[in-house]
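# Architecture and fold: a report
Next come the chains, spelled out residue by residue.
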Amino acid sequence: MTIKIVESHFEPWQEVQIYQNAQAALTDKAGAAAVFVGTMRDFNAGHTVSGMRLEYYPGMTEKQLEKVISQANTQWQMLDCLLIHRVGDILPHEAIVLVAVWSFHRGDALDACRYLIDSLKTQAPFWKKERIGDSACWVAGNTKGYYAIE
Amino acid sequence: MSVKVRYFASLRERLGRSEDELVFFAPLTAHAIWERANPDLPMPDNTLVAVNMDYVKLDVLVNDGDEIAFFPPVTGG
């Protein structure tokens, strides 16, 4: 299980490939991999967003991420997982977060991946501040994750 | 007793500082720590609180050497 908090741009799909290639056990055993990639949009609530700054709480953020992975491990059979989250200044179309889960079976991989990203969004101390025009404002809260109920 | 008080994100900007060192002589709850550190500002309703990097309720007692943090709802991912 690997957690990375990174301050510069990362390529999520490359990270998944590199990680999987480096873990021989995944090649032999994993029958399923589920991947979630969160990317910065260039709009929010009808406004054009030109960039974003992501702040976090060093130490607590990692601790809470370890906790949600540990909770997922008690519910689903995970062979491995890779979680990467950006902090600092981010531009539209750059990746914000990667959650990849490898498991024996699809149910465990998909459910654990969903649980990890949803738990991260409510428990891990990260905060987004968006640049809109000449001003910047803090994002008040995360959505439920569906267009219809945003 | 001494505790470090930390503030993050919009709360840090609103207060104009990122941390306080607070000295007191009897155990205080997390809520009392806020009132001691910010006597002129009621705690915003949606504030989250952590002691030693774990979420806590406002009635938890804070001990000597602890780090307590106050911050707004998280918006990562």
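Quick look at the structure, then.

### Regarding the sheet that holds strand S9 (residues 126-132) of chain A
Residue and element names in this part refer to chain A. Read from one edge to the other, the open sheet built from four strands follows the order S7-S5-S9-S10, with strand pairing classed as antiparallel. Every other strand in the sheet has two partners, leaving strand S7 (88-90) and strand S10 (135-138) as the edge strands with one partner each. Adjacent strand axes in the sheet meet at a mean angle of 25°, parallel and antiparallel pairs treated alike. Summarising the sheet, S9 and S10 pair through four bridges and their orientation is antiparallel. Counted as the bridge partner of Arg131 is Ala136 from S10.

### Some remarks on the interface of chain B and chain A
Counting from both sides, the interface comprises 13 residues of chain B and, opposite them, 22 residues of chain A. Elements represented by at least two residues in the side of chain B that touches chain A include exactly helix H1 (9-15) and strand S7 (67-71) of chain B. Split into classes, the residues belonging to the side of chain B that touches chain A amount to nine nonpolar, four polar and no charged.

### Section: the sheet that holds strand S8 (residues 95-103) of chain A
Residue and element names in this part refer to chain A. One open sheet holds the four strands; their spatial order is S1-S6-S8-S2, and the pairing between them is mixed. Either end of the sheet is taken by a strand with one partner, and the two such strands are strand S1 (2-6) and strand S2 (32-39). Strand-to-strand twist across the sheet, computed as the mean angle between neighbouring axes with direction ignored, equals 5°. In this structure, strand S6 (residues 80-86) lies alongside S8, joined through six bridges in antiparallel fashion. Across the sheet, Ile84 pairs through a bridge with Leu98, a residue of S8. Of the strands in this sheet, S1 and S6 touch helix H3 (residues 60-75), which is tilted by about 150° from S1.

### Overview of unusual backbone geometry
Look at His93 of chain A: it is not a glycine, yet its phi comes out positive at around 80°. Within the secondary structure, His93 of chain A is located in the loop between S7 and S8. For His93 of chain A, a count of 9 C-beta atoms within 10 Å translates into the label exposed. The residue Met53 of chain B is not glycine, and still its phi comes out positive at about 70°. Classification of Met53 of chain B as partly exposed rests on a count of 16 C-beta atoms within 10 Å.

### Remarks on the pairing of S7 of chain B
All names here are of chain B. For S7, a buried count of four out of five residues is recorded, marking the element as mostly surrounded by other parts of the structure. Taken together, the four bridges between strand S1 (residues 2-7) and S7 define a ladder with parallel strand orientation. Each residue of the ladder has a partner; that of Tyr7, found in S7, is Phe70. Looking at chain direction, strand S4 (residues 48-51) and S7 are connected through four bridges and run antiparallel. Opposite Val49, over in S7, you have Phe70 as the bridge partner.

Calculation notes
- Residues numbered from 1 in each chain as written.
- Chains lettered and ligands numbered in written order.
- Predicted model: local features only at pLDDT ≥ 70, side-chain atom pairs only at ≥ 80, totals over all residues.
- Pairing = 2+ DSSP bridges.
- Helix = DSSP H or I, 4+ residues; strand = E, 2+ residues; numbered from the N terminus.
- Axes fitted to C-alpha atoms, helices over the stretch in contact; angles between N-to-C directions.
- Contact = placed C-beta atoms within 7 Å.
- Nonpolar A, V, L, I, M, F, W, Y, C, P; charged D, E, K, R; others polar.
- Buried ≥ 20, exposed ≤ 12 C-beta atoms within 10 Å, placed from the backbone.

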